[in-house]
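Structural overview for review
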Amino acid sequence: QVRLVESGGGVVQTGESLRLSCTAPPRTFINYAMGWFRQAPGKEREVVAGIASSGGVYYADSVKGRFAISRDIVNNTVYLQMDSLKVEDTAVYYCNADVFYPLRRPKDLHNWGQGTQVTVSS
């Protein structure tokens, strides 16, 4: 079972920034696409961004131009830089890995971690 550990969440005001981190075992990090997802209260889990092992990226329309996903090969870490945060970005953020790119839908993925809470206040 793959162990993914998310961190970096917090409470910020609209317009501020946060950077989330997700560490993965080296073999997972090298061979799998990685993605960030989020789940707001009362809503389904949704994809936020994904990054291929080759470096290709994609984003949900709601975060394009504000969020940036990247990967640090040395530290086996995937980052999500979140700028210009909005109240509607409030959610628990999760990362996951997949053999497919783009990553499959959240309901088709397993091994979810605890996530990290992001709260944006007005």
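A brief look at the structure comes next. (Residues numbered from 1 in each chain as written. Predicted model: local features only at pLDDT ≥ 70, side-chain atom pairs only at ≥ 80, totals over all residues. Heavy atoms only, no water.)

1. Some remarks on the nonpolar core
Ranked by size, the top nonpolar core spans 27 residues in total, and within it Trp36, Leu80, Met82 and Tyr93 carry the most contacts. Counting residues per element, the ones that place at least two in this core are strand E3 (18–23), strand E4 (33–39), strand E5 (46–51), strand E7 (67–72), strand E8 (77–82), strand E9 (91–98) and strand E10 (116–121). Per element, the largest residue contribution to this core is 4 residues, and it comes from E9. Setting aside chain neighbours within four positions, we find Leu80 in contact with Leu18, Arg19, Leu20, Trp36, Val48, Ala49, Phe67, Ala68, Ile69 and Tyr93. Residues Ala33, Tyr58, Leu103 and Leu109 belong to the second largest nonpolar core, which totals 5 residues. (Core = buried A, V, L, I, M, F, W, Y, C linked by side-chain atoms within 4.5 Å. Buried < 20%, exposed > 50% of the residue type's maximum accessible area, 1.4 Å probe, protein only. Helix = DSSP H or I, 4+ residues; strand = E, 2+ residues; numbered from the N terminus. Contact = heavy atoms within 4.5 Å.)

2. Quick word on the environment of Ser122
Relative to the helices and strands, Ser122 resides in the segment after E10. Residue class for Ser122 comes out exposed when judged on its relative accessible area of 79%. In the structure, Ser122 is positioned 50 residues away from Asp72 in sequence and 32 Å away in space, judged by C-alpha atoms. What Ser122 contacts, discounting residues up to four positions off in sequence, is Thr14 and Val87.

3. Section: the pattern of salt bridges
Evaluation of the coordinates by the stated rule reveals 6 salt bridges. For Asp89, the salt bridge identified is with Arg38, shortest N-O distance 2.9 Å. Separated by 51 residues along the polypeptide, Asp89 in the loop between E8 and E9 and Arg38 in strand E4 bring together distant segments of the chain. Judged by its relative accessible area of 6%, Arg38 is buried. The salt bridge involving Arg105 is made with Asp108; its shortest N-O contact spans 3.2 Å. What makes Asp108 partly exposed here is its relative accessible area of 27%. Connected via shared salt-bridge partners are Arg38, Glu46, Arg66 and Asp89. (Salt bridge = Lys/Arg side-chain N within 4 Å of Asp/Glu carboxyl O.)

4. Here's the deal with the packing of aromatic side chains
Inspection of the entire model under this criterion finds 3 aromatic pairs. Arranged with centres 5.2 Å apart and planes meeting at 85°, the rings of Phe37 and Trp112 form a pair that is edge-to-face. Of this pair, Phe37 sits in strand E4 while Trp112 sits in the loop between E9 and E10, and the two are 75 residues apart along the sequence. For Phe37, a relative accessible area of 0% gives the class buried. On the basis of relative accessible area, Trp112 is assigned to the partly exposed category, the value being 26%. Residues Tyr94 and Trp112 carry aromatic rings whose centres are separated by 5.8 Å and whose planes lie at 80° to one another, so their mutual orientation is edge-to-face. One end of the pair, Tyr94, is in strand E9; the other, Trp112, is in the loop between E9 and E10, and 18 residues separate them in sequence. Overall, Tyr94 belongs to the buried group, its relative accessible area being 11%. (Phe/Tyr/Trp six-rings, centres within 6.5 Å; stacked < 30°, edge-to-face > 60°.)

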